Amino acid sequence: MVADGFDPPIILQGSTCTVEFDGARCAFRYYTPFQKHSVLKALNGRSIPVTALAGVEVTLPEGGRWGALRILPRPGADPVADVLGSDPPEGLDPYIVRFHRRDRAMAYRLRDALAEAIGATPMGAVPRELLPRAVKRLKGVEGTAELIGRSIRIEWSSGDTPTVIPLGVVEAVEWCAEKELGPYRVRFLVVGEPGRGLEPREDPHTLEVSVVGQAESVLFVATVRAVLDRSWSGLDIRAVAPVRAGETFAAVATRNGVRVGEIGTRLRENRLDSWEISTWELPPHDPMREVETGLLAAAMRRAATEGAGELAVWVLDVPTRRDRLERQGFSLTGEWREQPRDEWLMRAVLRHGPVRRRREVPAVLGDLAPRRVRWRRHIVARGLLPVLGVVFIVAAFVLAGLFAFDRTGLLAAGAFAVMAWTGLRVGYRAERLSRVRNASMALRTDIRRPVLFLRSFQDDAQAAEPSRLGAFTSLEEAVADVVQGVGPFIALDLGRSAPGAARGKVPADEDWRSAVLSLLLRCRLVVMRCGTGHALFWELRQVVALLRPEQLIILVPTDPVTYDEFRRRASAVLPHPLPDDAADGPVRQRVAAAITFTYGWHPTVVSFRFGFPRALLALDTRIALRLGPVLKPLGYRRNVHWARRFQVVGLLLITGWLVVRFGLTMQDLSGAVRKSRDLEIPEFP
């Protein structure tokens, strides 16, 4: 029986915290005006029931001015207190109230009332509402951890391969802090892998967090622990003796005494460090996936205990089962087999190596040297371009100064303008070629996941032409300028480099299909240009099988014949047919629209057509305006494209102002010259 309520409640005000007790609950309010990211700020206003408390104590040093009232929570009652531990850093304990000596009478009164209420309260169920909010994503110093279903995915800022930790092999999650202001460390203790003596920055199971992530790190660990401690009523999973030949482990799941599932594992290709699931029986109706989760966790734990580094499973229907298995910590490997059925291999990594400090280039991507930049091209790119720009401006000045527009002045100004414009195009092209990189170099210098460009090689010559009449860039270069905000833009090629996507070639001893599959598993986005090549539709089939719908963008040309052929053949691959009017656009701009996809592979047409005056914008600007909202969920950085555009616009404005200013000056000078010629010279006697 809970003690009778107090009216008014007992209130003890401390230096950084005030506690209010009404006989049944304690409400805490913290003063953290200068600690925006403090864990106490996140816990402000919590009301703790008496059933979650175990005791209370008051300490008042003799002769001291400040005392402390500490409330002891029951073990397992408060997830935040369990994360902070029994001895949290100074200033992070949410259950301590430091009061002034003059308030000691109120502190003793509160202590006695809490002790009486705790003693009169029977041990009941632990409340679950003490976690302020669930945090499933934590940004650290060296990477970002995210809770996805029953797995933890850590994306490293160094560009190293992401670490995926299945919760089935996680024994516990620790949070520790050397000081109150950090750094803080979140560590996942994996079965079979005790402390290996690695530095925190090299440990694949440890994420270091700065003081900015103090509250988020504590709540993240509490959220992960809640998922780990989740139990299913009536479900019992126990290991049994294997009955099939070659099996290394077997387990059965029973619910209320009835058998509902079974799992069995064996060595994969007779390797001790690699296990695969050989038998897997699940109930037809399991909406919460409890049996599947429990059996997988049991198999993972046994494999990790025996020293296996991975657990693999062959799946038949990838589009429907991939998401479920990824939430358990599995990922596609790119391997498939046709016998006995067309199946794909998914793998859960149970042991991870140290985190490396630089990105590794995929082995299937050979080095493709960029075009040799000769010294003449350097001169053209770095010297002739600004010189011809000045010549163009001077030609405009002459044209503006010759206000009378006589034939000689017009011909001279026109000749200068044509020469300068041609030189500008040559210089701009040379400058683009001087900045061409290969795919290996692009992946080493950019830590983000790449954007893969798929197209038919036979259409490269047409795509290299200017995007429209008078334009400086091609379609591929315009697309590259935009998608660089998502990641490095790479493509496979036969052995040449060109402006736009960074090229890479497949080594002679490697199958190009394996190279494409390996890159698809690493990329963040795929940009595909419509074509009619047979290999392009094989690549489209793999994209649908391996990636999510929002990771594919198809560029639609203005040629209706090419698009109709692509649409007809793609209907056999895509779950829903492509729209038939996507190629409606002006022929001069090379690309009419883009097709994006939503959940279930439903296509959506994003047109690049604009009305006047926005139709005068460059193609890359129109693509950025249309596809910017689509690319935002993929981490699109707008400043990568728009910063350069603002520089160009600023340069044009300054140049225009100089042209007008100098033109007006030339006009005044030419008028003065004509006026002086018209003056009659007086004759002197």
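Residues numbered from 1 in each chain as written. Predicted model: local features only at pLDDT ≥ 70, side-chain atom pairs only at ≥ 80, totals over all residues. Heavy atoms only, no water.

K.L.:
I'm lost on the overall build of the protein in this one. Help?
P.N.:
For the protein, the count of helices and strands is 16 helices and 28 strands. Taken across its 685 residues, the protein has 45% of its residues classed as buried. Element-wise, carbon and sulfur atoms account for 55% of the exposed surface of the protein, whose accessible area totals about 35600 Å². (Helix = DSSP H or I, 4+ residues; strand = E, 2+ residues; numbered from the N terminus. Buried < 20%, exposed > 50% of the residue type's maximum accessible area, 1.4 Å probe, protein only. Areas by Shrake-Rupley, 256 points an atom, 1.4 Å probe, with all protein chains shown as cover.)

K.L.:
Could you clarify how one ought to interpret the environment of A480 in this entry?
P.N.:
On the secondary structure map, A480 appears in helix α11 (residues 475–483). In this structure A480 touches F489, G500 and A501, once residues within four positions along its chain are discounted. (Contact = heavy atoms within 4.5 Å.)

K.L.:
How do you make sense of the sheet that holds strand β24 (residues 502–504) when you look at a structure like this?
P.N.:
Strand pairing in a sheet is mediated by backbone hydrogen bonds. Such pairs are either parallel or antiparallel. With respect to topology, seven strands assemble into an open sheet ordered β24-β23-β22-β25-β26-β27-β28, the strand pairing being mixed. Strands with a single pairing partner mark the edges of an open sheet, and in this sheet they are β24 and β28 (602–607). Averaged over neighbouring strand pairs, the angle between their axes works out to 30 degrees when direction is ignored. Pairing geometry for strand β22 (residues 451–454) and strand β25 (residues 525–529), over four bridges, is parallel. Bridge pairing links L452 to V526 in β25. The strands touched by α11 within the sheet are β22, β23 (489–492), β24, β25, β26 (552–557) and β27 (591–598), with β23 carrying the most contacts at an inclination of about 135 degrees. Strands in contact with helix α13 (residues 534–546) are β22, β25 and β26; relative to β25, the strand with the most contacts, it is inclined by about 150 degrees. (Pairing = 2+ DSSP bridges. Axes fitted to C-alpha atoms, helices over the stretch in contact; angles between N-to-C directions.)

K.L.:
For this particular structure, what's the right way to read the packing of α11 against helix α15 (residues 619–631)?
P.N.:
If you want to describe how two helices pack, look at the angle between their axes and the distance between the axes. In contact at an axis separation of 9 Å, α11 and α15 are set at 45 degrees when each is read in the N-to-C sense. Taken together, the axes of α11 and α15 lie oblique to each other. For α11 against α15, the interelement crossing comes out right-handed. Taken together, the residues of α15 that come into contact with α11 (itself represented by L475, A478, V479, D481 and V482) are L619, D620, I623, A624 and L631. Considering only residue class, the contact of α11 with α15 consists of eight nonpolar, no polar and two charged. (Parallel < 35°, antiparallel > 145°, perpendicular 65-115°, else oblique. Left-handed = near helix turned anticlockwise from the far one by under 90°. Nonpolar A, V, L, I, M, F, W, Y, C, P; charged D, E, K, R; others polar.)

K.L.:
Can you walk me through the packing of aromatic side chains in this structure?
P.N.:
In this description, an aromatic ring pair is defined by two values, namely the gap between the centres and the angle between the planes. Tallied over the full model, the rule gives six aromatic pairs. Taking 5.4 Å as the distance between ring centres and 35 degrees as the angle between the ring planes, the aromatic pair formed by F537 and F566 counts as tilted. In this pair, F537 sits in helix α13 while F566 sits in helix α14 (residues 560–570), placing the two residues 29 residues apart along the sequence. In this structure F566 comes out as buried when scored by relative accessible area, which is 0%. (Phe/Tyr/Trp six-rings, centres within 6.5 Å; stacked < 30°, edge-to-face > 60°.)

K.L.:
It is not clear to me how the packing of α13 against α14 should be interpreted in this structure. Could you clarify?
P.N.:
Put simply, α13 and α14 touch, their axes get as near as 11 Å, and they point 45 degrees apart. Compared by their axis directions, α13 and α14 come out oblique. Between α13 and α14 the crossing geometry is right-handed. Note on element contacts: α14 touches α13 through F566, R569 and A570, opposite H534, L536, F537 and L540.

K.L.:
Hey, could you run me through the nonpolar core in this one?
P.N.:
Inside soluble globular proteins, nonpolar side chains tend to come together where they are buried. I152 and F566 are the most contacted members of the largest nonpolar core, which has 129 residues in total. Those residues within four positions of F566 in sequence are excluded, and the remaining contacts are M528, C530, G531, L536, F537, L540, I554 and L578. If you look at the next biggest cluster of nonpolar residues, it comprises 27 residues, including V451, F453, I553 and L631. (Core = buried A, V, L, I, M, F, W, Y, C linked by side-chain atoms within 4.5 Å.)

K.L.:
Just checking my understanding: could you explain the pairing of strand β10 (residues 151–156) for this structure?
P.N.:
Looking along a regular strand, one sees side chains alternate from face to face of the sheet. Two elements, strand β9 (residues 143–148) and β10, share six bridges in a ladder whose sense is antiparallel. Looking at the pairing, E146 lines up with R153 of β10. In the sheet, β10 pairs with strand β11 (residues 163–166) via four bridges, with the strands oriented antiparallel. By the bridge assignment, I154 is partnered in β11 with T163.

K.L.:
Looking at this model, I keep getting lost on unusual backbone geometry. Mind explaining?
P.N.:
It is generally the case that most residues other than glycine have a negative phi and that most peptide bonds are trans. With a phi close to 55 degrees, N256 is a non-glycine residue in the positive phi region. Backbone geometry at E269 places phi at a positive 55 degrees, although glycine is not the residue there. Within the secondary structure, E269 is located in the loop between β17 (258–268) and β18 (271–281). Here E269 falls in the exposed class, since its relative accessible area comes to 58%.

K.L.:
Got a minute to help me understand helix α3 (residues 104–120) in this structure?
P.N.:
Working note: α-helix, 3.6 residues per turn, so residues spaced by three or four point in the same direction. Given a rise of 1.5 Å per residue, 17 residues ought to cover 24 Å, and the 24 Å separating the end C-alpha atoms of α3 matches this to within 8%. Every buried residue of α3 is accounted for by A107, L110, A113, L114, A117 and I118. Buried residues in α3, looked at end-on, bunch into an arc of 130 degrees, giving them a common side. Exposed positions of α3 whose direction lies more than 90 degrees from the buried face are A105, E116 and G119. Buried residues along α3 sit in contact with β1 (10–13), β2 (17–21), β3 (25–30), β5 (53–59), β6 (66–73) and β7 (96–100). (Expected span 1.5 Å × (residues − 1). Arc of directions from axis to C-beta.)

K.L.:
What am I meant to see in the sheet that holds β7 here?
P.N.:
Spatially, β5-β6-β7 is the arrangement adopted by the three strands of the open sheet, whose pairing is antiparallel. The two strands at the open ends of the sheet, each matched to only one other strand, are β5 and β7. Strand after strand, the sheet turns through a mean of 15 degrees between neighbouring axes, direction not considered. Relative to β5, α3 is tilted by about 160 degrees, and along the sheet it contacts β5, β6 and β7.

K.L.:
Sorry, what's going on with the pairing of β27 here?
P.N.:
Among the eight residues in β27, seven count as buried, and that is most of the element. Looking at chain direction, β26 and β27 are connected through five bridges and run antiparallel. For V556, the partnering residue across the bridge sits in β27 and is A593. Here β27 runs beside β28; their pairing, made up of six bridges, is antiparallel.

K.L.:
Help me understand the side chain of R268, please; the structure alone is not making it clear to me.
P.N.:
With respect to the helices and strands, the residue R268 is situated in strand β17. Excluding residues that lie within four positions of it along the chain, R268 makes contacts with S274, W275, E276, E310, A312, E335 and L345.

K.L.:
Please clarify how the environment of V482 should be interpreted in this entry.
P.N.:
Structurally, V482 is set in helix α11. C-alpha separation for the pair V482 and L631, spaced 149 residues apart in sequence, amounts to 9.8 Å.

K.L.:
Just to check I follow, could you spell out the pattern of salt bridges for this structure?
P.N.:
Where charged atoms from two side chains of opposite charge come close, those side chains can pair. What the rule picks out here adds up to 21 salt bridges. Of the charged contacts, one joins E208 and R185 as a salt bridge, the two residues approaching to 3.7 Å between their closest N and O atoms. Remark: R185 occurs in strand β13 (residues 184–190) and E208 occurs in strand β14 (residues 206–209); sequence separation between them is 23 residues. Looking at R185, the relative accessible area reads 18%, which means it is buried. Residue E276 pairs with R266 through a salt bridge whose shortest N-O separation is 3.0 Å. One end of the pair, E276, is in strand β18; the other, R266, is in strand β17, and 10 residues separate them in sequence. The class of R266 is partly exposed, set by a relative accessible area of 37%. (Salt bridge = Lys/Arg side-chain N within 4 Å of Asp/Glu carboxyl O.)

K.L.:
How should I be thinking about the confidence of the model for the protein in this particular structure?
P.N.:
Where the model shows low pLDDT, its predicted coordinates should not be examined in detail. Looking at the protein, pLDDT values average 77 and 70% of them are 70 or higher. Predicted confidence is poor over residues 367–382, with pLDDT under 50, and the contacts of this stretch with residues over four places away or in other chains come to 38 contacts. (pLDDT = per-residue confidence, 0-100.)

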